[in-house]
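Here are the chains, one letter per residue:
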Amino acid sequence: MDSCDVLIVGGGPAGSSCAWKLRASGLDTVVLDRQRFPRDKVCAGWITPAVIEELEIVPSDYDRGRVLQPIHGFRTSLMGGREVESDYGRPISYGIRRCEFDNYLLKRCGARVLEGEPLATLKRSEDHWIANGRIRAHILVGAGGHFCPVARFLGASARTETSIAAQETEFEMTEPQRAHCSIRAEIPELYFCPDMRGYGWCVRKDNYLNIGLGRLDAHGLPQHVAEFLAFLKETGKAGFELPSGLKGHSYLLSGFSPRPAATEGVLLIGDSAGLAYPQSGEGIRPAVESGLLAAKAILDTGACWGRRLAETYRSLLERRLGTSAREWVFTLGKHVPSWLVHPAARALLANGWFARHVVLDRWFLHSQEPALTY
Ligand SMILES: Cc1cc2nc3c(=O)[nH]c(=O)nc-3n(C[C@H](O)[C@H](O)[C@H](O)COP(=O)(O)OP(=O)(O)OC[C@H]3O[C@@H](n4cnc5c(N)ncnc54)[C@H](O)[C@@H]3O)c2cc1C
């Protein structure tokens, strides 16, 4: 039997951030992931500077052999409507490739990593957990993403939850493709759906292009994606044949997640708990922050099994992420009469002040929330 203080199931940004903090305090920590790294993750690969700060990533170290694309602003519009460019003249975000970013974080976290092994069985034995019949852990952290087996063990059912459904593709452009792509690497573009229930994006990272679209309703997604790809081709934003077969994934927005964040001896972090920002769908920063807060709760309570750990984590999480406003456009479509949504959105998104100070500063960059200092 392999023993550890903390077993983290999932080695994405949530799991590796938690492990990194626990290892720095000397706790025996194991990360179990069903995949072998480097592995890819369906994602646009856009991160806010708080992530870099919270994880103490030194950009000049990270970008050696990896893509770290500075983003200076965004071009936003209602799809097909007037486009507004907000250029901040300095890096306000970064583009990363998840296959590189997640591998970097996992390799440097310092924990024992068991790759290529899914969590298949989980048993509670007094005040311990036994995973796969061979790993004995005092505390269990579920960091396995939207379909995390630990979240399922706590009763989560992805089938009955209201999740975001999104599809994306990322590929390295050939020279002729680059010549027919009007997207600039430092100014990604966001295109909101006419009913404001989702948005499409084009994020260029060096010569890699990431294109995708996410919506609050899954059933119409393929049709919206097909229309979006046709729009990109017609407008010359990506004026070439795009790869067919985008990859899809779903996840929960904070405030829409019915999942319990913690119970005795178990904490859920990142997508496993359903913590993505409701305004933008950004999930990496909440994944990292919840991972760090889970580590803090474990360390502050002396890694003790019991109610105090669960309560400490829940309260740290609520204080940090609970106030995230639910003023997002996805919900606008729910609360405003449908006949008003399109004209209201067209007028607001064409307004330069609204695009910069509300859509970007507030909803997408969360500039009102400084990086977590812990
Ligand atoms: C199309 C799309 C675009 C997105 N774009 C962005 C973006 O640009 N910026 C942003 O901030 N967020 C974005 N997100 C959200 C972001 O990808 C997630 O919120 C983020 O990856 C959550 O991190 P995590 O560590 O919780 O989970 P994950 O990154 O999903 O990691 C979970 C890990 O758990 C492992 N695992 C799963 N099951 C098991 C098991 N049974 N046993 C062991 N291991 C297991 C997986 O292999 C994986 O490595 C996007 C999401 C989608 C779908």
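Look up: the structure comes first, before these words.
Residues numbered from 1 in each chain as written. Predicted model: local features only at pLDDT ≥ 70, side-chain atom pairs only at ≥ 80, totals over all residues. Heavy atoms only, no water.

Asks: So what's going on with empty space enclosed by the protein? Residues and values would help.
Replies: Applying the stated criterion across every chain yields a total of one cavity of 30 Å³ or more. Of the voids in this model, the largest cavity is the one considered here, and its volume is about 60 Å³. Lining the largest cavity are 13 residues; nearest its centre among them are Asp40, Lys41, Cys43, Glu170 and Asn210. Along the lines of polarity and charge, the residues of the lining of the largest cavity split into three nonpolar, two polar and eight charged. (1 Å grid on protein atoms, 1.4 Å probe; cavity = no way out; pocket = protein on both sides within 12 Å on 5 of 7 lines; lining within 4 Å. Points joined across faces, edges and corners; volume = space filled by probe spheres on them. Nonpolar A, V, L, I, M, F, W, Y, C, P; charged D, E, K, R; others polar.)

Asks: Lay out the sheet that holds strand β3 (residues 46-47) with the relevant residues and their values.
Replies: A sheet is described by the order of its strands in space; here three strands give the open sequence β3-β7-β4, paired in antiparallel fashion. A single partner strand is all that each edge strand has here, and the edge strands are β3 and β4 (68-71). Judged from the four bridges that link them, β4 and strand β7 (residues 93-96) form a sheet pairing that is antiparallel. From the neighbouring strand, Pro70 faces β7, where its bridge partner is Tyr94. (Pairing = 2+ DSSP bridges. Helix = DSSP H or I, 4+ residues; strand = E, 2+ residues; numbered from the N terminus.)

Asks: Lay out unusual backbone geometry with the relevant residues and their values.
Replies: Cis geometry marks the peptide bond from Phe37 to Pro38; its omega dihedral reads 0 degrees. Residue placement: Pro38 occurs in the loop between β2 (29-33) and β3. Although it is not a glycine, Glu126 sits at a positive phi angle of roughly 50 degrees. Topologically, Glu126 is positioned in the loop between β9 (122-125) and β10 (128-131). The backbone phi angle of Asp206 is positive, close to 55 degrees, even though this residue is not glycine. With respect to the helices and strands, Asp206 occurs in the loop between β14 (198-205) and β15 (208-215). Under the relative-accessibility criterion, Asp206 is labelled partly exposed at 46%. (Buried < 20%, exposed > 50% of the residue type's maximum accessible area, 1.4 Å probe, protein only.)

Asks: How would you sum up the packing of aromatic side chains? Please name residues and give values.
Replies: For the structure shown, the criterion picks out 14 aromatic pairs. With centroids separated by 5.6 Å and ring planes inclined at 80 degrees, the aromatic side chains of Trp129 and Phe153 adopt a geometry described as edge-to-face. Separated by 24 residues along the polypeptide, Trp129 in strand β10 and Phe153 in helix α5 (residues 149-153) bring together distant segments of the chain. Note on Trp129: relative accessible area 3%, which makes it buried. (Phe/Tyr/Trp six-rings, centres within 6.5 Å; stacked < 30°, edge-to-face > 60°.)

Asks: Let's hear about the site of the ligand: which residues, and what values?
Replies: Around the ligand, a shell composed of 37 residues is seen, among which Asp33, Trp46, Leu119, Asp271 and Ile284 lie nearest. A distance of 3.0 Å separates an oxygen atom of the ligand from a polar backbone atom of Ala14. In the model, a nitrogen atom of the ligand is placed 3.1 Å from a nitrogen or oxygen of the Arg34 main chain. Taken by itself the ligand offers 1000 Å² of open surface, and the protein chains cover 95% of this. Across the shell around the ligand, the residue classes tally to 18 nonpolar, 10 polar and nine charged. (Near = heavy atom within 4 Å. Polar contact = N/O pair within 3.5 Å; in protein donor to acceptor, adjacent residues only side chain to side chain. Areas by Shrake-Rupley, 256 points an atom, 1.4 Å probe, with all protein chains shown as cover.)

Asks: Give me the state of the cysteines: which residues, what numbers.
Replies: Counted according to the given criterion, the structure contains zero disulfides. You can see Cys18 has no disulfide; the closest cysteine sulfur is in Cys109, sitting 9.7 Å from it. No disulfide involves Cys148; its sulfur sits 12 Å from that of Cys18, the nearest cysteine. Looking at Cys148, the relative accessible area reads 0%, which means it is buried. (Disulfide = S-S within 2.5 Å.)

Asks: I'd like a description of the sheet that holds strand β13 (residues 189-192), backed by residues and values.
Replies: Taken together, seven strands build an open sheet; the order of strands is β6-β5-β13-β14-β15-β12-β16 and the sheet is mixed. This sheet does not close on itself; its edge strands, each paired only once, are β6 (84-87) and β16 (247-251). Direction aside, neighbouring strands of the sheet carry axes that sit 20 degrees apart on average. The sheet contact formed by strand β5 (residues 73-78) and β13 spans four bridges and is parallel. Within β13, the position partnered with Arg75 by the bridge is Glu189. (Axes fitted to C-alpha atoms, helices over the stretch in contact; angles between N-to-C directions.)

Asks: Could you give an account of helix α11 (residues 338-349), naming the residues involved and the relevant values?
Replies: Note: α-helices contain 3.6 residues per turn, so residues at a spacing of three or four share the same orientation. Compared with the 16 Å implied by 1.5 Å per residue over 12 residues, the 17 Å span of α11 between its first and last C-alpha is a close match. Listed as buried for α11 are Val341, Ala345 and Leu349. Buried residues of α11 fall within an arc of 25 degrees about the axis and therefore sit on the same side. Among the exposed residues of α11, those pointing more than 90 degrees away from its buried face are Trp339 and Ala347. (Expected span 1.5 Å × (residues − 1). Arc of directions from axis to C-beta.)

Asks: Give a description of the nonpolar core that names residues and reports values.
Replies: Note that soluble globular proteins tend to have their nonpolar side chains buried in a common cluster. Membership of the largest hydrophobic core comes to 72 residues, with the highest contact counts inside it found for Leu7, Ile8, Phe101, Ile298 and Tyr313. Of all the elements, helix α8 (residues 284-300) adds the most residues to this core, at nine residues. Judged by nonpolar contacts, the second largest core, of 23 residues, contains Phe74, Tyr88, Tyr199 and Val359. (Core = buried A, V, L, I, M, F, W, Y, C linked by side-chain atoms within 4.5 Å.)

Asks: An account of the pairing of strand β11 (residues 135-142) is needed here, citing residue identities and associated values.
Replies: Most of β11 is tucked away: seven of the eight residues are buried. Note: strand β1 (residues 2-9) against β11, seven bridges, orientation parallel. Bridging from a neighbouring strand, Ser3 pairs with Arg136 of β11. Relative to β11, β10 runs antiparallel, the two sharing three bridges. Bridge assignment links Ala131 to a residue of β11, and that residue is Ile135. Examined bridge by bridge, β11 and strand β18 (residues 266-268) share three bridges and lie parallel to one another. Among the inter-strand pairings, Gly142 is bridged to a residue of β18, identified as Leu268.

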